[in-house]
Amino acid sequence: MEKQDVEEFMKIAINESKKALEYGEVPIGAVIVQDGKILAKAFNRRENSQIATHHAEILAIEKACKKLKSWRLDNSDIFITLEPCYMCAGAILNARIKRVFFGAFDTNSDDKNLLYQIFKDKRLNHKCEIVGGILEDECKKILSDFFKSKRTQN
């Protein structure tokens, strides 16, 4: 995939993250693409739904699976504004997504290599390519501005 395409899809994920802001959600967006076409877009809904698994990645995976009528999202790529958590990494692997592109690195994680180890774990029958830092500054700014405003409100 060309760098220009990667950045364009990440911009769409960023737009999804901005939608999350309108609902008071942590601004994380995700887009799933297959053969250059968008299968699904989503943003965090956990606070409003009060369902722990309603991360942007999970919601996008669910939409893409429904669209394809298959739990296998072979040859799909996912674009996420923040490095995925372990739950979402597991869902990405289970959905057989080929590549993960993310924007901001999760600075709250103590082990910077654990996510990469999950995606390359030899015990699993599926592996994902992972590329971080796509439009990182823009992704990071949306998140830091959100948390800064939350701290100001409190």
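Residues numbered from 1 in each chain as written. Predicted model: local features only at pLDDT ≥ 70, side-chain atom pairs only at ≥ 80, totals over all residues. Heavy atoms only, no water.

**Things to note about the pattern of salt bridges**
Scanning the entire structure with this criterion turns up 6 salt bridges. Residue K140 pairs with E136 through a salt bridge whose shortest N-O separation is 3.9 Å. Taken together, the positions of K140 and E136, both in helix α6 (residues 136-153) and 4 residues apart, correspond to about one turn of that helix. Residue classification places K140 among the partly exposed positions, given a relative accessible area of 40%. You can call E136 partly exposed: its relative accessible area is 24%. (Salt bridge = Lys/Arg side-chain N within 4 Å of Asp/Glu carboxyl O. Helix = DSSP H or I, 4+ residues; strand = E, 2+ residues; numbered from the N terminus. Buried < 20%, exposed > 50% of the residue type's maximum accessible area, 1.4 Å probe, protein only.)

**Overview of α6**
Between its terminal C-alpha atoms α6 stretches 26 Å, which fits the 26 Å expected from 18 residues at 1.5 Å a residue. Among the structural elements, α1 (3-22), β3 (76-82) and β4 (99-104) are those in contact with the buried residues of α6. (Expected span 1.5 Å × (residues − 1). Contact = heavy atoms within 4.5 Å.)

**Re the sheet that holds strand β1 (residues 29-34)**
Ordered in space as β2-β1-β3-β4-β5, the 5 strands form an open sheet in which the pairing is mixed. A single partner strand is all that each edge strand has here, and the edge strands are β2 (37-43) and β5 (129-131). Within this sheet the neighbouring strands show an average axis-to-axis angle of 15°, counted without direction. With 3 bridges connecting them, β4 and β5 associate as parallel partners. (Pairing = 2+ DSSP bridges. Axes fitted to C-alpha atoms, helices over the stretch in contact; angles between N-to-C directions.)

**Observations regarding the environment of M1**
Structurally, M1 is set in the segment before α1. Taking the C-alpha atoms as reference points, M1 and D35, separated by 34 residues in sequence, lie 9.8 Å from one another. Look past the residues within four positions of M1 in its chain and what remains in contact with it is V6, F9, D77, F79 and R99.

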